[in-house]
Each structure stands twice: as C-alpha cells, then as structure tokens.
Amino acid sequence: MDNKIDIIAVHIKEDHGIDYSDRYLCPENVYNYIFEHQKQSYVWQSKEPCEHNFIVGRLYHIRALLGCRLLGGRGLSISEVEFVGEMNINNKIIRM
C-alpha cells in the first residue's frame, strides 16, 4: 500500500547545513528543499543532494510521505520524495 501523497507546490528555498527538525536549528550535514502551497511549507531533508536541480519559484509535482509538523512553525516534514514533474503555465505536467 502506497501512503505517499501528491504535492503540487512552489520551490521556495534550498539550503545546506541546517537541521530544521532540531529545536535550535543546529548545524547538520543535510540538504534542505522547501516547498510551499497555500501558505503551507513542506520541508524535505536529505543526507544526499537531490539529483534534480530544483529552481526557486517554479511549480513542481512531487509525491512524498507526510511526516510530523516541525517545531516553531517551520512546516511539515516530508520524506521518500519522488519527483513527478514540473508544472508549466497551462497546469500540465512536464515529465522529466
């Protein structure tokens, strides 16, 4: 059974070295990819850099397991992220 949900969201930020799951945002060797849809942020933390080059401001369709809410209103944690495609202006999926 697949528990992944579809998320269509804008990529708003990418950074490296901060653990968003830590209360004090301690330094950690992780890559962070942050997406937003209707004021809800989704934070994907990965030990390895993503093979897809996400561009800030672009709309993406991803599938992921929804995790817990991060402390301090930092959004929802997502994991096992699967890139489906990038959305264009006509809301059609561009397969990569």
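Structural notes, computed from the coordinates. Not measured: the values here are computed from a predicted model.

A separate point is the environment of Gly75. Take Gly75: it is sitting in the loop between strand E4 (59–69) and strand E5 (76–87). C-alpha of Gly75 to C-alpha of Met87: the two residues are 12 residues apart in sequence and 22 Å apart in space. Apart from the residues within four sequence positions on either side, Gly75 is in contact with Gln40, Ser41, Cys68, Arg69 and Leu70.

This part covers the pattern of salt bridges. With the rule as written, the count across this model stands at 5 salt bridges. Glu82 is the salt-bridge partner of Lys4, the closest N and O atoms lying 3.1 Å from each other. Of this pair, Lys4 sits in the segment before strand E1 (5–18) while Glu82 is found in strand E5, placing the two residues 78 residues apart along the sequence. We note a salt bridge from Glu28 to Lys47, for which the minimum N-O separation is 3.3 Å. On the criterion of sequence distance, the pair formed by Glu28 in strand E2 (residues 27–37) and Lys47 in the loop between strand E3 (40–46) and E4 is long-range, its members being 19 residues apart.

If you walk through the whole model with that rule in mind, you get 6 aromatic pairs. Ring centres of Phe35 and Phe54 lie 5.2 Å apart, and the angle between their planes is 85°; this geometry places the pair in the edge-to-face category. Within this pair, whereas Phe35 is found in strand E2, its partner Phe54 is found in the loop between E3 and E4, the two being separated by 19 residues in sequence. With respect to class, Phe35 is no different from Phe54; both count as buried. One aromatic cluster in this structure is built from Tyr33, Phe35, Trp44, Phe54, Tyr60 and Phe83.

Rules and cut-offs
- Residues numbered from 1 in each chain as written.
- Predicted model: local features only at pLDDT ≥ 70, side-chain atom pairs only at ≥ 80, totals over all residues.
- Heavy atoms only, no water.
- Helix = DSSP H or I, 4+ residues; strand = E, 2+ residues; numbered from the N terminus.
- Contact = heavy atoms within 4.5 Å.
- Salt bridge = Lys/Arg side-chain N within 4 Å of Asp/Glu carboxyl O.
- Phe/Tyr/Trp six-rings, centres within 6.5 Å; stacked < 30°, edge-to-face > 60°.
- Buried < 20%, exposed > 50% of the residue type's maximum accessible area, 1.4 Å probe, protein only.

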